[in-house]
Amino acid sequence: MTIPQPAADPAEHAAARRERVLREAVRHRLLDPEDALLAAFVDLDGVAASVAGLRAAFPAGPDVLHTFAAKANCLVPLLARLRELGLGCEVASPGELAQALAAGFRPDRIVLDSPAKTRRELAAALELGVAVNVDNWQELERVDALVGSGTPGSRIGVRLNPQVGGGSIGAMSTATATSKFGIGLADEGNGKRLVEAFRERPWLTWVHVHVGSQGCPLDLMAEGVARAVAFAARVNEELGRRQVVGVDLGGGLPVNFADDTTAPTFAEYAGLLRARVPELFDGGHRLATEFGRSLLAKNGFTAAYVEYTKTSGGRRIAVTHAGAQVATRTVFMPDTWPLRITAHHPSGAAKDGAPVPQDVAGPCCFAGDLVATGRPLPLLEPGDLVALLDTGAYYATTHFQYNSLPEPAVHGFTVDAAGAVRFVPLRRAQPVEELLRPV
Ligand SMILES: *Cc1c(COP(=O)(O)O)cnc(C)c1O
């Protein structure tokens, strides 16, 4: 086999890299038409490059903590890699906190955000020294009770809802006037009440903002950050002391699912923030970020076998093993979450026949289990493979249990300069026995 050299065209390079990995995966039987019908792959070199891009875009040093939003891809070995690359971890449930700790993150490099933290969860976080962003007034009272007259070992902030409005996906927009997240900055009386809350609690030292995940324009995200930073300045001014020392900017950098270009980049977003909120970069604040999708999505793909092909009512359909169980959002909201799909021979080699419109269906027993409809692709045949691109975040690792379909294996990979692919297990395929646990 000839070794593909990085092509001048980055899209060509990305396609050749995926093809090479698929061929090797078939050769190593990580994909197998009976025993491994479906598997997900994460490009660990790509993840390292994405992390480097993030770090380069923002100031460096001990006052800047980039955390990875664990919900985007919560596998412990992957989280451990991200820790080795210098990241912290943002978690939003006891399960994610346990995964972050198992991945070796120091508690002071973990940030707990969740709108539904229980008393016990809050107590555990404060006990460990995990940073906490308080979501609402009632949670603040619970934290008061836990802190008592002492000084918490955790840094504690308040999640502000800057109420700047939504992006193109309602379900992903967290800074609308009526969002379930945070304390609405513009709601009657809240500004004053928040200032007093900070005055009474010298340990309340951070503000947190997260405008949305996917679909939010950079301007809207920057406006949300600007309002949070302006509010922090107001608190410090009214209190006459530098009480708010840190700003947690959240995540939400949108991902381009249309082709292999990474756009927008972390550098573009940081550049916009630098222009719009320069005080964020003047060294006067500690900073945290919480990116998820933008670090992982383009660094992963999901591959599945075509089991059958048929024609119904004049429509060509390929029935594959990737459906709603691994591409839940795409199946239920196909217009909002379309995915690129590539067609491959059983060897993993790309198919290059003339494109024919086909529905790409999943294995689930409901009619809407389609990952694409009328998609022009080289004609798929039984035994072929399809790859669902840009699925490194919120796909195979946010499994939807339907028809008792098991969670597929997830394999990390690296490709060395000579083109040799090395696989690293990130999650084994779920054995059927696991579905048989007695009550
Ligand atoms: C989901 C979430 C993130 C990560 O969002 P991405 O779109 O994956 O970058 C960060 N912070 C909070 C509070 C979140 O809820």
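Residues numbered from 1 in each chain as written. Predicted model: local features only at pLDDT ≥ 70, side-chain atom pairs only at ≥ 80, totals over all residues. Heavy atoms only, no water.

Describing empty space enclosed by the protein
Inspection of the entire model under this criterion finds 1 cavity of 30 Å³ or more. Empty space within the largest cavity amounts to approximately 60 Å³. Considering the residues around the largest cavity, the lining is formed by 13 residues, among which A40, V42, N73, T391 and G392 are closest to the centre. Breaking the lining of the largest cavity down by element, the ones donating at least two residues are β1 (38-43) and β11 (300-312). Within the lining of the largest cavity, the residues separate by chemical class into 7 nonpolar, 6 polar and no charged. (1 Å grid on protein atoms, 1.4 Å probe; cavity = no way out; pocket = protein on both sides within 12 Å on 5 of 7 lines; lining within 4 Å. Points joined across faces, edges and corners; volume = space filled by probe spheres on them. Helix = DSSP H or I, 4+ residues; strand = E, 2+ residues; numbered from the N terminus. Nonpolar A, V, L, I, M, F, W, Y, C, P; charged D, E, K, R; others polar.)

Remarks on the environment of R234
As for its placement among the helices and strands, R234 is situated in helix α8 (residues 218-239). With near-sequence residues (within four places) excluded, R234 lies in contact with G191, K192 and V195. (Contact = heavy atoms within 4.5 Å.)

Details of the domain arrangement of the protein chain
Here the protein chain is partitioned into domain 1 (10-44 + 299-436) and domain 2 (61-291). Just the C-alpha atoms count here: the centres of domain 1 and domain 2 sit 34 Å apart. Across the contact, 23 residues belong to domain 1 and 16 residues belong to domain 2. Run the count over domain 1 and domain 2 and you get 2 salt bridges. Here R18 ties to D260 by a salt bridge, and the two come within 3.1 Å at their closest N and O atoms. The interface formed by domain 1 and domain 2 includes 5 residue pairs in polar contact (both at pLDDT 80 or more). Taken together, the residues that form the side of domain 1 that touches domain 2 break down as 14 nonpolar, 4 polar and 5 charged. (Domains from an automatic or database assignment. Salt bridge = Lys/Arg side-chain N within 4 Å of Asp/Glu carboxyl O. Polar contact = N/O pair within 3.5 Å; in protein donor to acceptor, adjacent residues only side chain to side chain.)

A look at the site of the ligand
Taken together, the neighbourhood of the ligand is formed by 15 residues, with K71, G252, E290, R293 and Y394 sitting nearest. Contact between the ligand and G292: an oxygen atom at 2.9 Å from a main-chain N or O atom of the residue. The contact in question runs from an oxygen atom of the ligand to an N or O atom on the backbone of R293, over 2.8 Å. Surface burial for the ligand is 94%, taken as the share of its 390 Å² of free accessible area covered by protein chains. For the shell around the ligand, the residue count by class is 3 nonpolar, 6 polar and 6 charged. (Near = heavy atom within 4 Å. Areas by Shrake-Rupley, 256 points an atom, 1.4 Å probe, with all protein chains shown as cover.)

Let's talk about the packing of helix α5 (residues 119-128) against helix α6 (residues 137-147)
Their axes nearest at 10 Å, the elements α5 and α6 cross at an angle of 50°. What the angle tells us is that α5 and α6 run oblique. Our pair here, α5 against α6, has a crossing hand that is right-handed. Contact with α5, carried on its side by R119, L122, A123 and L126, involves E139, R142, V143, L146 and V147 of α6 and no other residues of that element. Its residues placed into classes, the contact of α5 with α6 shows 6 nonpolar, no polar and 3 charged. (Axes fitted to C-alpha atoms, helices over the stretch in contact; angles between N-to-C directions. Parallel < 35°, antiparallel > 145°, perpendicular 65-115°, else oblique. Left-handed = near helix turned anticlockwise from the far one by under 90°.)

What to know about the state of the cysteines
Any covalent bond linking the sulfur atoms of two cysteines counts as a disulfide. Applying the stated criterion to the full structure yields 0 disulfides. Of all cysteine sulfurs in the structure, the one in C74 sits closest to C89, which takes part in no disulfide; the separation is 9.7 Å. No disulfide involves C365; its nearest neighbouring cysteine sulfur is the one of C364, lying 7.5 Å away. (Disulfide = S-S within 2.5 Å.)

Some thoughts on the nonpolar core
With 114 residues, the main nonpolar core has L273 and L280 as its most contacted residues. Counting residues per element, this core draws most heavily on α8, at 12 residues. Counting contributing residues per domain, this core is built from domain 1 (10-44 + 299-436) and domain 2 (61-291), each supplying no fewer than three. Those residues in contact with L273 that lie beyond four places of it in its chain are F58, A222, V225, L249, P278, L280 and F281. Membership of the second largest hydrophobic core comes to 18 residues, among which are V26, A39, L385 and V421. (Core = buried A, V, L, I, M, F, W, Y, C linked by side-chain atoms within 4.5 Å. Buried < 20%, exposed > 50% of the residue type's maximum accessible area, 1.4 Å probe, protein only.)

So, helix α7 (residues 190-200)
Taken as a whole, α7 has its buried residues at N190, G191, L194, V195, A197 and F198. Down the axis, α7 shows its buried residues gathered within 155° of arc, on one side only. More than 90 degrees from the buried face of α7, the exposed residues found are K192 and E200. Those residues of α7 hidden inside the fold are in contact with α6, β6 (156-161), β7 (183-184), β8 (204-208) and α8. (Arc of directions from axis to C-beta.)

As for the packing of α7 against α8
Relative to each other, α7 and α8 sit at 60°, their axes nearing to 10 Å. With respect to α8, the axis of α7 lies oblique. For the element pair α7 and α8, the recorded crossing hand is right-handed. Facing G191, K192, L194, V195, F198 and R199 of α7, the residues of α8 in contact are F231, R234, V235, E238 and L239. Residue composition of the contact of α7 with α8, by class: 6 nonpolar, 1 polar and 4 charged.

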